[in-house]
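# Observations on chain architecture
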Amino acid sequence: PSVLLPWCPEHRERPLELFCEECTLCVCALCPALGIHRGHDVRLILQAAQGRQVTGREGAAELQRLLRSHFVLQAHALASKAWLTGKFTELRLLLNEEEQLTKNFIDEKTQRALRSYEEQAETCQEQIKITDSFSDRVRQIQQRRDPLLLLKNYITAEEEIRQHETPTEQRHPVPVSFEHVLNHFRCFAGAIQSIRQKPLEARLKEDVFSSLNVTSKKEPGTLLRTNSPVDRTLFLKHARSPTLEHDTMHPRLTLSDDRLAVTYTWRRKLYFCNPQRFDRLWQVLSRDSFFSGSHYWEVDVLQAGEGWWIGAAYSSIKRKGDSEASRLGWNRASWCLKRFDLEYWAFHNGERTLVLVEEDPERIGVFLDYEAGILSFYNVMGGMAHLHTFRSKFTEPLYPALRLWEGTIKMHKLT
């Protein structure tokens, strides 16, 4: 840029004293009166400079406001997606429960009908025996020559047969049909498909579910609270209490008698060296593995100090050394939720995601749906607040896994 001269280029003997706002040039006192800047809006150079400084500060403040709004929006979007993940997990659990309840209903009705048929079969067998008995009596009656006595005996025999007969409608129970059950769920699935045919934005504007909740007063399209609790009882139906495998445990860890807790000790234990044991990282795997179905377990972290890792891993995770191939969450064979330096992170294959936590968890709930490829973490004592969900295609049995920095970490006994 050119250097500003102290003298007016038009009136060379006049110093530059004013600033022309229209031309954004410094001018002398004669320019607005006699020169090419006649009639222009001018002000003293010092005033113009001060005005520019104020404008700059205002722009910087506005930029900071925009940056803050950007951060708040990102945080709200992450929290909203986390809530949605938790809610869809809850919906899957509810649908699984509804499926099991319906199957149990069908089984109960079927067993009741089968018992009825079995009872009727037994009755029919008794009827056959009675009929055979009366057939013998009839043959004996037919051998009598006195017609009056023969007739009297026939009437008596017919009366006894009628007394032992079972009504026809009782011998043939009405067949059981489950068509009404199938129709119910056809309509249920049809209603969901009908709703999903509309674009999401249109559904939010119409608020199609508001009629199902008379207490809801939210404006159409407004997201629900992101910390809405999940019903823990839904998860407890899949409760497990994984025990820990001593042979995988690092020598600085000690295992409780019930195999549910591990504690860090400063002195190394003289454990037998084997290929399964972690020799550099303070980690341990469960004895139990899951390769299908839904499973839920909880881990107490109240005494685990400032650093702990909770997750799951394939048995193929490396056990020797402290490279990424051995670290929980730093490879394709493991997933974990980590707390360290008062921060919470979700790790898988070396990629990490910051987890926003409203209150420090005392117990972490872990839910695995193997076929759906879902591994979710919840703050149990914080109203089952959803923390994070991994979505993967699991290809090997998954072992619950723990790592700690100090203190004690424990599998909570649920079963």
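Up top you'll find the structure we're talking about.
None of the values given here were measured: they were computed from a predicted structure.

Criteria and cut-off values
- Residues numbered from 1 in each chain as written.
- Predicted model: local features only at pLDDT ≥ 70, side-chain atom pairs only at ≥ 80, totals over all residues.
- Heavy atoms only, no water.
- Helix = DSSP H or I, 4+ residues; strand = E, 2+ residues; numbered from the N terminus.
- Polar contact = N/O pair within 3.5 Å; in protein donor to acceptor, adjacent residues only side chain to side chain.
- Pairing = 2+ DSSP bridges.
- Axes fitted to C-alpha atoms, helices over the stretch in contact; angles between N-to-C directions.
- Phe/Tyr/Trp six-rings, centres within 6.5 Å; stacked < 30°, edge-to-face > 60°.
- Buried < 20%, exposed > 50% of the residue type's maximum accessible area, 1.4 Å probe, protein only.
- Lys NZ or Arg CZ within 6 Å of the ring centre and 35° of its normal.

## Some points on the side chain of S80
Checked against the element boundaries, S80 lands in helix α2 (residues 45-142). A polar side-chain atom of S80 sits 2.8 Å from the main-chain carbonyl oxygen of H76.

## Here we look at the sheet that holds strand β1 (residues 18-20)
Adjacent strands of a sheet pair through backbone hydrogen bonds, lying either parallel or antiparallel. Read from one edge of the open sheet, three strands run β2-β1-β3, paired in antiparallel fashion. The open sheet has two edge strands with one neighbour each: β2 (25-27) and β3 (42-44). Pairwise comparison of adjacent strand axes, ignoring direction, gives a mean angle of 35° for this sheet. Pairing of β1 with β3 involves three bridges; the strand directions are antiparallel. Residue pairing in the sheet places C20 in a bridge with V42 of β3.

## With respect to the sheet that holds strand β10 (residues 343-348)
Read across the open sheet, the six strands follow the order β6-β15-β8-β9-β10-β11; overall the sheet is antiparallel. Edge positions in the sheet fall to β6 (283-285) and β11 (351-354), since each has one partner strand and no second. Averaged over all pairs of adjacent strands, the angle between their axes in this sheet comes to 20°, without regard to strand direction. The sheet contact formed by strand β9 (residues 334-340) and β10 spans six bridges and is antiparallel. Residue pairing in the sheet places L337 in a bridge with A346 of β10.

## A closer look at the packing of aromatic side chains
The geometry of two aromatic rings is summed up by the distance between their centres and the angle between their planes. Under the definition given, this model contains 14 aromatic pairs. On the basis of an interplanar angle of 40° and a centroid distance of 5.5 Å, the ring pair of W282 and W405 is categorised as tilted. Of the two residues, W282 sits in the loop between β5 (261-264) and β6 while W405 sits in the loop between β15 (399-404) and β16 (408-412), which places them 123 residues apart along the sequence. Taking relative accessible area as the criterion, W282 reaches 18% and is therefore assigned buried. Residue W405 is classed as partly exposed on the basis of its relative accessible area of 42%. Judged by centre distance (5.6 Å) and plane angle (80°), the ring pair of F340 and W405 falls under edge-to-face. With F340 in strand β9 and W405 in the loop between β15 and β16, this pair connects stretches of sequence that are 65 residues apart. Pairwise contacts between aromatic rings join Y264, W282, W309, F340 and W405 into one cluster. Seen from the ring of F278, R319 lies directly overhead, with NZ or CZ sitting 5.4 Å from the centre. Of note, R352 hangs over the ring of W345, and the distance from its end group to the ring centre comes to 4.0 Å.

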